[in-house]
Amino acid sequence: MNSPYFGRIDFIERHERQGEAIYLGIAGFLDEQEDHYLVYDWRAPISSLYYDYAPGEVAFTTPNGMIEGQMLLKRQFVIRDSHIQLMFDTGVTIGDELLKQVLSRSSDAQMKTIVATIQKEQNRIIRNDKARMLIVQGVAGSGKTSAALQRVAYLLYKHRDQLSSDQMVLFSPNPLFNHYVSTVLPELGEENMQQTTYQAYLEHRLGEEFDVEDSFTQLEYVLARGRSSGKGETVEEIIPQRDEECAYNARLSGIHYKSSLEFLAVIHAYQERLMHTDMLFNPIKFREKEVLSAARLVERFYSYDPAIRLPNRLELMRGWILEQLEIFAELQLEAAWVDEEIELLSSEDYHLAYLKLRKIERGQGATFDDFDQERVLLAHIVIKEHLKPVRDAVKRLKFVDLSGLYGQLFRDEIREEEADQEVKAGQRSPNENQGSQLGNQRSQLEKQGSPIKNQGSQLGNQRSPVENQESQLRNQRNSIENKPPYWSAICERTLKELAEASLPYEDATPFLYLMEAVCGFQTNGSVRHVIIDEAQDYSPFQLAYLKRLFPRCRMTALGDLNQAIYSHASAYSEIDPIAALYGPEQTEVIRLHRSYRSTRELVEFTRGIVPGGDAIEPFTRGGAKPRVIKVSDRGSLHSLLAAEIARLLGEGYASIAIIAKTASESKLAHQALEPQLQVPLGLITKHSPTFESGVLVIPSYLAKGVEFDAVLIYDGSRHQYGHENERKLFYTACTRAMHELCMFSLGEPSSFITDQPQDTYELV
């Protein structure tokens, strides 16, 4: 073994006379003859002493209870190629010298294990197996993702008989990150857990019916300040007769509202409303003709006991429709189209019909009606084959008009607003307006056989059951009480996107939730633990959905509010909503304030960018101050960037990132810089599955979670980063640097730079 151990503690148990030297390694090593561990696995109960205590009185928990004693020695080793390179004794934390050794190395294209340098606060994350919901709020570079992956290895070790890697799922921010962390668990001797992205799950569930926008396209729209819809259309085409700024603000308002728990409550109220009225169906069609009309399906749906929940009613509907199709199939036996199709059958189909006929006759010999029987058998074959797509669609509940149901939420609001405007204009009386709102419900209730009394325009003191139900339905219909700004524009845009079979990112989760509320929730009971990285980029709505998707799981959410770069409501904006998922008694919050990734100088600069940054603690590793280079034109920018890259490569840096704001800016930078460099220049896009060490160009939002030896901000000017909602994006880009940070600026630098104390950066 090249590095059999990395630490040693000398421990003597209370009431014992003799202590033991305990060596710790990535894996345990047992002397089977002596039945004695030469090296303990870092996850063993006694190994926690190494991470949690300084020499002195100590204690650790075992399956048999607490063991107390005294630690006499705590020693660290750096062993490479079976030779001890460094050895020193340390106190309560893993020594700064070892950390400096690790952090001073060049970054890797893939994340490495940190078991030799786990800090006490990280160990709390790793060994916590009591909280059902563990929330980690950690600053950039605090090691929260590394700790979470070591946590997975620890849980697999401790609960090996009850937990396996395929029962754990990691939700990553992008496919690139999946590759970046893919080697950590194998290095620790464990199989990789399942890895996916939330976007991949949305596309898996909805991609067959819709063009599902991803979060990066949505973010590009926001960062471009609404200049493009992301699909090649102008904003005027999306929302006619509205100027670009209005459309942009409406989109932002819709993004924020549709990601909120308030909108989740609206969908819950809507679900209850559908129990009584307004259910929508697609007609059952065969060969362009209706077999069952939408009205017939609605009538059947509301003929069931009102107490039966929506998914159960749809199960009954499915069985009934399949029965109706069987009846319809019998009626088609003599249809002319069937004879036409019989003529087109293959010889194999004829042979199959012949064999089936002989089986029916059971060797009785030929009879005078063989031809007629054969024709009936062939007709059944034809009809069955042609009806198969219809039956399959029914089995998959495709007769439910889910797009219409989601659109109805917004269509109702437009109708109500138009009616209100007519009332204000004197074109319509309030009673007429109310009548139009209740027309559909009244008609449906009449079909259910409830008596309706015609009392004219004046309602008496006593109401019929139907009128009471109408009142309740009216309240449910008007459930969106606190409408967000630009609500009419939001509704119009949503309906237009649905009509084009397009689903913006902000609509994907609400649509999926409504779909499952109506058709039945799909759950995964086999997954026992879910890890959500970059949880600040999830909305409260999305986390509530994931909880429903994995009802038996424990959840670990890792995030940093200072890196919440999306426009939707963040689950980390306040800890209370996310903690409420499982309740305070099952939730624990751990906060990490110390940043290990970057040098002290880089942290002292970047922490000033975000509110509350004073709480971020830098590690003691020193380096150069961040530099700001102001240029007047793009040609000079590219020349200076090329020179800076050459300098960094000459100093031995293995990974250098030119971080641009958007994908379009990344493409521009790559095209301009590639001819000027003597080394390959990579371009990272949202479709990139991996990246290698070297020089690359990457959009700011795809750099989340990864790190580089040196970061060059392509354009940190006031023009590019001048809006408050871009502050966290700029912070995220700058905090990717381990050793050097250089910010170029086309014109005046962003106030995110110039507002920092002048002694924290160097202006060139």
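If you're wondering where the values come from, they're calculated on a predicted model, not measured in any experiment.

Before going further, it helps to spend a moment on the overall build of the chain. Summing up its helical and strand segments, the chain has 28 helices and 26 strands in all. In the chain, which comprises 764 residues, the share counted as buried stands at 52%. Taking as baseline every contact in the chain between residues at least 6 positions apart, the subset at least 24 positions apart corresponds to 73%. Of the accessible surface of the chain, which amounts to about 35000 Å², a share of 49% is contributed by carbon and sulfur atoms.

The phi torsion at His-15 lies on the positive side, around 75 degrees, for a residue other than glycine. When you line up the elements, His-15 lands in the loop between β1 (7-13) and β2 (20-25). Judged by relative accessible area, His-15 falls into the exposed class, the value being 76%. Unusually for a residue other than glycine, Tyr-486 sits at a positive phi of about 65 degrees. Position of Tyr-486 relative to the elements: it lies in the loop between α19 (465-477) and α20 (487-499). According to the relative accessible area criterion, Tyr-486 is partly exposed, its value standing at 37%.

Paired through their backbone hydrogen bonds, the strands of a sheet run either parallel or antiparallel. Read across the sheet, 7 strands follow the order β22-β23-β21-β24-β25-β20-β26 without closing on themselves; strand pairing throughout is parallel. Taken across any chain shown, the strands that pair with only one partner, and hence form the sheet edges, are β22 (681-683) and β26 (762-763). In the sheet, strand β20 (residues 627-631) pairs with β26 via 2 bridges, with the strands oriented parallel. In the sheet register, Arg-627 faces β26, and the bridge partner there is Glu-762.

On to helix α27 (residues 727-734), then. Within α27, 7 of the 8 residues are buried, which leaves it mostly tucked inside the rest of the structure. For α27, the full list of buried residues reads Arg-727, Leu-729, Phe-730, Tyr-731, Thr-732, Ala-733 and Cys-734.

Let's shift gears to the pairing of strand β25 (residues 737-746). Most of β25 sits inside the fold, with 10 of its 10 residues counted as buried. Note: β20 against β25, 5 bridges, orientation parallel. The residue bridging Val-628 from the neighbouring strand is Met-743, located in β25. The pairing of strand β24 (residues 708-713) with β25 spans 5 bridges and is classified as parallel. Its bridge partner lying in β25, Val-711 is registered against Leu-741.

The subject of this paragraph is the sheet that holds strand β10 (residues 194-197). The strand order across the open sheet formed by 6 strands is β10-β9-β15-β16-β8-β17, and the pairing between neighbours is parallel. Single-partner strands in this sheet number two, and they are β10 and β17 (587-592). Shown here is a sheet whose adjacent strand axes are inclined to one another by a mean of 15 degrees, direction ignored. Packing against the sheet, helix α4 (residues 144-158) makes contact with β8 (133-138), β9 (168-172), β15 (529-532), β16 (554-559) and β17, and its axis sits at approximately 160 degrees to β16. Where helix α7 (residues 198-206) meets the sheet, its contacts fall on β9 and β10, and the angle it forms with β10 comes to roughly 80 degrees.

One way to put it is that helix α10 (residues 244-258) packs onto α20 with a least axis distance of 9 Å and a crossing angle of 85 degrees. The pairing of α10 with α20 is recorded here as roughly perpendicular in orientation. Listed contacts from α20 to Ala-250, Arg-251, Ser-253, Gly-254, Tyr-257 and Lys-258 of α10 are Trp-487, Ala-489, Ile-490, Arg-493 and Thr-494. Residues of the contact of α10 with α20, tallied by class, amount to 5 nonpolar, 3 polar and 3 charged.

This part takes up the nonpolar core. If you look at the biggest cluster of nonpolar residues, it comprises 93 residues, and the most contacted ones within it are Met-279, Phe-281, Leu-314, Phe-399, Val-400, Val-518 and Leu-546. Top contributing element to this core by residue count: helix α21 (residues 505-519), with 9 residues. Setting aside chain neighbours within four positions, we find Phe-399 in contact with Phe-281, Asn-282, Ile-284, Leu-314, Met-317, Arg-318, Ile-321, Ala-393 and Val-394. Residues Phe-60, Ile-126, Tyr-731 and Cys-734 belong to the second largest nonpolar core, which totals 84 residues.

Moving on, we come to α21. The end-to-end C-alpha separation of α21 is 21 Å, in line with the 21 Å expected for 15 residues at 1.5 Å each. Summarising burial for α21: 15 of the 15 residues are buried, a large majority. Trailing α21 by a residue or two, Gly-520 shows a phi angle of about 115 degrees, which is positive.

Turning our eyes to something else, we now look at the environment of Ile-698. Among the secondary structure elements, Ile-698 is positioned in strand β23 (residues 694-699). Given a relative accessible area of 1%, Ile-698 falls into the buried group. Linking Ile-698 and Ala-663, residues 35 residues apart in sequence, is a C-alpha distance of 7.6 Å. When near neighbours in sequence (up to four residues on either side) are disregarded, Ile-698 contacts Leu-176, Ala-657, Ile-658, Ile-659, Ala-660, Ser-666, Ile-684 and Ala-703.

This part covers the confidence of the model for the chain. Detail in the predicted coordinates should be disregarded across regions flagged by low pLDDT. Of all residues in the chain, 83% attain a pLDDT of 70 or more, and the chain-wide mean is 85. Confidence scores differ between elements of the chain, with helix α18 (residues 430-447) showing the lowest mean pLDDT of 44 and β20 the highest of 98. Considering only residues more than four positions removed or in separate chains, one finds that residues 226-232, a stretch of pLDDT under 50, has 13 contacts. Low pLDDT, under 50, characterises residues 238-242; the predicted model gives this stretch 11 contacts beyond four residues in sequence or across chains.

So, on to the packing of helix α25 (residues 634-650) against helix α26 (residues 663-673). With their axes 10 Å apart at the nearest point, α25 and α26 run at an angle of 70 degrees to one another. Judged on the interaxial angle alone, α26 and α25 are roughly perpendicular. Judged by the twist between their axes, the crossing of α25 over α26 is right-handed. Residues Arg-634, His-638, Leu-641 and Ala-642 of α25 touch α26, and the partners they reach there are Leu-668, Ala-672 and Leu-673. A class-by-class count of the residues in the contact of α25 with α26 yields 5 nonpolar, 1 polar and 1 charged.

Most of β9 sits inside the fold, with 5 of its 5 residues counted as buried. Here β9 shows two buried faces, one formed by Met-168, Leu-170 and Ser-172 and the other by Val-169 and Phe-171. As paired strands, β9 and β15 are joined by 4 bridges and run parallel to one another. Pairing of Met-168 across the sheet is with His-529, part of β15. Examined bridge by bridge, β9 and β10 share 4 bridges and lie parallel to one another. Bridge pairing links Leu-170 to Gln-195 in β10.

One pass over the full model with this rule turns up 33 aromatic pairs. An angle of 50 degrees between the planes, with centres 6.1 Å apart, marks the rings of Phe-177 and Tyr-180 as tilted. Of this pair, Phe-177 and Tyr-180 both sit in helix α5 (residues 175-180), 3 residues apart, roughly one helical turn. Considered together, Phe-177 and Tyr-180 belong to a single accessibility category, that of buried residues. A ring pair is formed by Phe-410 and Trp-487, whose centres lie 5.8 Å apart and whose planes are at 45 degrees; its orientation type is tilted. Separated by 77 residues along the polypeptide, Phe-410 in helix α17 (residues 402-424) and Trp-487 in helix α20 bring together distant segments of the chain. Both residues of the pair, Phe-410 and Trp-487, count as buried. Within the aromatic cluster, the residues linked to one another by ring pairs are Tyr-201, Phe-210, Tyr-257, Phe-263, Tyr-406, Phe-410, Trp-487, Phe-511, Tyr-513, Phe-521, Phe-541 and Tyr-545. The side chain of Arg-251 reaches across the aromatic face of Tyr-221, ending 5.0 Å from its centre.

Checked against the element boundaries, His-670 lands in helix α26. His-670 sits in the buried class, given a relative accessible area of 12%. Here the side chain of His-670 touches Leu-681 through a polar contact of 2.9 Å, landing on its backbone oxygen. If sequence neighbours within four positions are ignored, His-670 has contacts with Leu-681, Gly-682, Leu-683 and Val-697.

Scoring rules and cut-offs
- Throughout, a residue's number is its position along its own chain's written sequence, starting from 1.
- Local features are withheld for residues below a pLDDT of 70 in this predicted model, meaning they are given only at 70 or higher, and side-chain atom pairs are given and counted only at 80 or more; totals for whole chains, interfaces and linings count all residues.
- For the side-chain quantities, the full set of heavy atoms in the structure was used; hydrogens and water were omitted.
- Note on conventions: DSSP H or I runs of at least 4 residues are helices, E runs of at least 2 residues are strands, and numbering of each starts at the N terminus.
- Partly exposed residues are those whose accessible area sits between 20% and 50% of the maximum for their type, while under 20% is buried and over 50% is exposed, using a 1.4 Å probe and protein chains only.
- Contact criterion: two residues are considered in contact whenever any of their non-hydrogen atoms come within 4.5 Å of each other.
- Reported accessibility uses the Shrake-Rupley method at a 1.4 Å probe radius. Residues are deemed covered only where the shown protein chains occlude them.
- Each pair of strands is called paired provided DSSP finds at least two bridges between the two strands.
- Axis definition: a line fit to C-alpha positions, over the contact stretch in the case of helices; interaxial angles, taken between N-to-C directions, run 0 to 180 degrees.
- An angle below 35 degrees is treated as roughly parallel, one above 145 as roughly antiparallel, one from 65 to 115 as roughly perpendicular, and anything else as oblique.
- For this classification, the nonpolar set comprises Ala, Val, Leu, Ile, Met, Phe, Trp, Tyr, Cys and Pro, the charged set comprises Asp, Glu, Lys and Arg, and every other residue, Gly included, is treated as polar.
- Remark: nonpolar core denotes a set of buried residues (Ala, Val, Leu, Ile, Met, Phe, Trp, Tyr, Cys) joined through side-chain atoms within 4.5 Å.
- Take the number of residues in a helix, subtract one, and multiply by 1.5 Å to get its expected span.
- Here pLDDT means the predictor's own confidence in every residue, given as a number from 0 to 100.
- For any helix crossing, the convention is left-handed if the near helix is rotated counterclockwise from the far helix by under a right angle, and right-handed if that rotation is clockwise.
- Stacked, tilted and edge-to-face pairs are distinguished by plane angle, under 30 degrees for stacked and over 60 for edge-to-face with tilted covering the rest, among Phe, Tyr and Trp rings (Trp via its six-membered ring) whose centres lie within 6.5 Å.
- Working rule: Lys NZ or Arg CZ, within 6 Å of ring centre, within 35 degrees of ring normal, means a charge sits over the ring.
- Definition of a polar contact: a pair of N or O atoms within 3.5 Å, with one able to donate and the other able to accept a hydrogen when the atoms are protein atoms, and with sequence-neighbouring residues admitted only if both atoms are side-chain atoms.

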